[in-house]
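The primary structure of each chain is shown beneath.
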Amino acid sequence: MFNLILFGPPGSGKGTQSERLIARYGFKHLSTGDILRSEIKNGTALGLEAKSLMDQGQLVPDAVVIGMIRTALKENPGVNGFLFDGFPRTNAQAEALDLLLGEYNTSIQVVLALQVSKTELIKRLLNRGLTSGRTDDVNESVIGSRIEEYERKTAAVADYYKKFNKVAYIPGEGSVDEIFKKLTEEIEGRI
Ligand code: AP5
């Protein structure tokens, strides 16, 4: 199995590049943001709990997202690898992920960290907010809170994986094709 984390701030291109990587390598995509939005759409208790936090640009509690990942791993035996998108977002989530993958005798091979300036992130998200219907994209103050949550709680997750030499930084500005090429080069060097 080849498991990777696509890492980066809100709007850095994780979802965009995930789609392409999945098409190329057949990974199972696990996006905690997508799972949470589907819970909200289905009106579940979990979705109701998550919605107000997401609308304010804050992280959902660790226990909730770790539980979602535990379930997803159990429901997908026999895949050739997982692509984690938007998870882990705290050191507690990273530690939990290591333990969970260990139960399946596997681990994270690489963390591909997309680097994009704050000005570009805000521009992309406001632009997507014109059409996405995502309530957390429409106003600049919520976008600012999401970026702040990333800086305060998530950026340090890269340091957690650096200790194990698993982080590759990828410039995340430029064309989608150029960035995809750099991501594939990193993956192919490690597969
Ligand atoms: P989540 O759904 O994970 O959102 P996010 O991290 O804010 O990321 P985005 O989907 O906004 O951006 P992205 O990096 O995927 O970029 P994309 O490819 O879409 O999380 C949402 C919320 O859920 C969180 O705030 C939190 O509340 C909760 N949550 C989720 N996971 C959690 C967890 N683990 N723990 C706790 N809470 C959690 O691209 C963005 C835009 O840019 C698009 O319009 C795209 O077309 C464009 N774009 C992409 N690449 C380029 C490029 N190269 N050039 C120009 N434009 C580009």
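Our subject is the structure that appears above.
About the cut-offs
Residues numbered from 1 in each chain as written. Predicted model: local features only at pLDDT ≥ 70, side-chain atom pairs only at ≥ 80, totals over all residues. Heavy atoms only, no water. Helix = DSSP H or I, 4+ residues; strand = E, 2+ residues; numbered from the N terminus. Buried < 20%, exposed > 50% of the residue type's maximum accessible area, 1.4 Å probe, protein only. Near = heavy atom within 4 Å. Polar contact = N/O pair within 3.5 Å; in protein donor to acceptor, adjacent residues only side chain to side chain. Areas by Shrake-Rupley, 256 points an atom, 1.4 Å probe, with all protein chains shown as cover. Nonpolar A, V, L, I, M, F, W, Y, C, P; charged D, E, K, R; others polar. Phe/Tyr/Trp six-rings, centres within 6.5 Å; stacked < 30°, edge-to-face > 60°. Lys NZ or Arg CZ within 6 Å of the ring centre and 35° of its normal. Axes fitted to C-alpha atoms, helices over the stretch in contact; angles between N-to-C directions. Parallel < 35°, antiparallel > 145°, perpendicular 65-115°, else oblique. Left-handed = near helix turned anticlockwise from the far one by under 90°. Contact = heavy atoms within 4.5 Å. Pairing = 2+ DSSP bridges.

Draft legend 1. Representation of the environment of Glu95. If you trace the backbone, Glu95 turns up in helix 5 (residues 91–103). Its relative accessible area of 44% is what places Glu95 among the partly exposed residues. Separated by 62 residues in the primary sequence, Glu95 and Val157 place their C-alpha atoms 9.7 Å from one another.

Draft legend 2. The arrangement of the site of the ligand in detail. The ligand sits among 30 residues. The nearest are Thr16, Gln58, Arg89, Arg128 and Arg146. Within the backbone of Gly86, an N or O atom sits 2.9 Å from a nitrogen atom of the ligand. Compared with its free state, where it exposes 1,000 Å², the ligand has 86% of that area covered by protein. Counting only elements with at least two residues in the shell around the ligand, the list comes to helix 1 (14–25), helix 2 (32–41), helix 6 (118–129) and helix 9 (176–188). The dominant element in the shell around the ligand, judged by the number of residues it contributes, is helix 2, at four residues. Looking at the shell around the ligand residue by residue, the classes come out as eleven nonpolar, eleven polar and eight charged.

Draft legend 3. Expanded view of the packing of aromatic side chains. Under the counting rule described, the total for this entry stands at seven aromatic pairs. Ring centres 5.9 Å apart and planes at 35° place the aromatic pair Phe82 and Phe84 in the tilted group. Given a relative accessible area of 4%, Phe82 falls into the buried group. With centroids separated by 4.9 Å and ring planes inclined at 85°, the aromatic side chains of Tyr160 and Tyr161 adopt a geometry described as edge-to-face. In terms of burial, Tyr160 and Tyr161 fall into one category: buried. The lysine or arginine in question, Arg20, covers the ring of Phe180, its NZ or CZ lying 5.8 Å from the ring centre.

Draft legend 4. View of the environment of Lys41. You can see Lys41 is positioned in helix 2. Separated by 140 residues in the primary sequence, Lys41 and Lys181 place their C-alpha atoms 34 Å from one another.

Draft legend 5. Structural view of the packing of helix 1 against helix 9. Taken N-terminus to C-terminus, the directions of helix 1 and helix 9 make an angle of 50°; their axes are 10 Å apart at the nearest point. Relative to helix 9, the element helix 1 is oriented oblique. The two elements helix 1 and helix 9 meet at a crossing, and its hand is right-handed. Here Thr16, Gln17, Arg20, Leu21, Arg24 and Tyr25 of helix 1 come into contact with helix 9, specifically with Val176, Asp177, Ile179, Phe180, Leu183, Thr184, Ile187 and Glu188. Across the contact of helix 1 with helix 9, the residue classes tally to seven nonpolar, three polar and four charged.

Draft legend 6. The arrangement of the pairing of strand 3 (residues 82–85) in detail. Of the two faces of strand 3, the one carrying Phe82 and Phe84 and the one carrying Leu83 and Asp85 are both buried. As paired strands, strand 1 (residues 4–7) and strand 3 are joined by three bridges and run parallel to one another. By the bridge assignment for strand 3, Ile5 is matched with Phe84. In terms of strand pairing, strand 2 (residues 28–31) meets strand 3 through four bridges, oriented parallel. When the sheet's bridge partners are listed, Leu30 is paired in strand 3 with Phe84.

Draft legend 7. Looking closely at unusual backbone geometry. Residue Pro88 follows Phe87 across a cis peptide bond; omega there is 0°. A positive phi angle, close to 55°, is found at Asn105, a residue other than glycine. For Asn105, the location among the structural elements is in the loop between helix 5 and strand 4 (110–115). You will see that Asn165, though not glycine, has its phi angle at about 55°, which is positive. Structurally, Asn165 is set in the loop between helix 8 (156–162) and strand 5 (167–171).

By themselves, these observations are geometric and do not establish any function.
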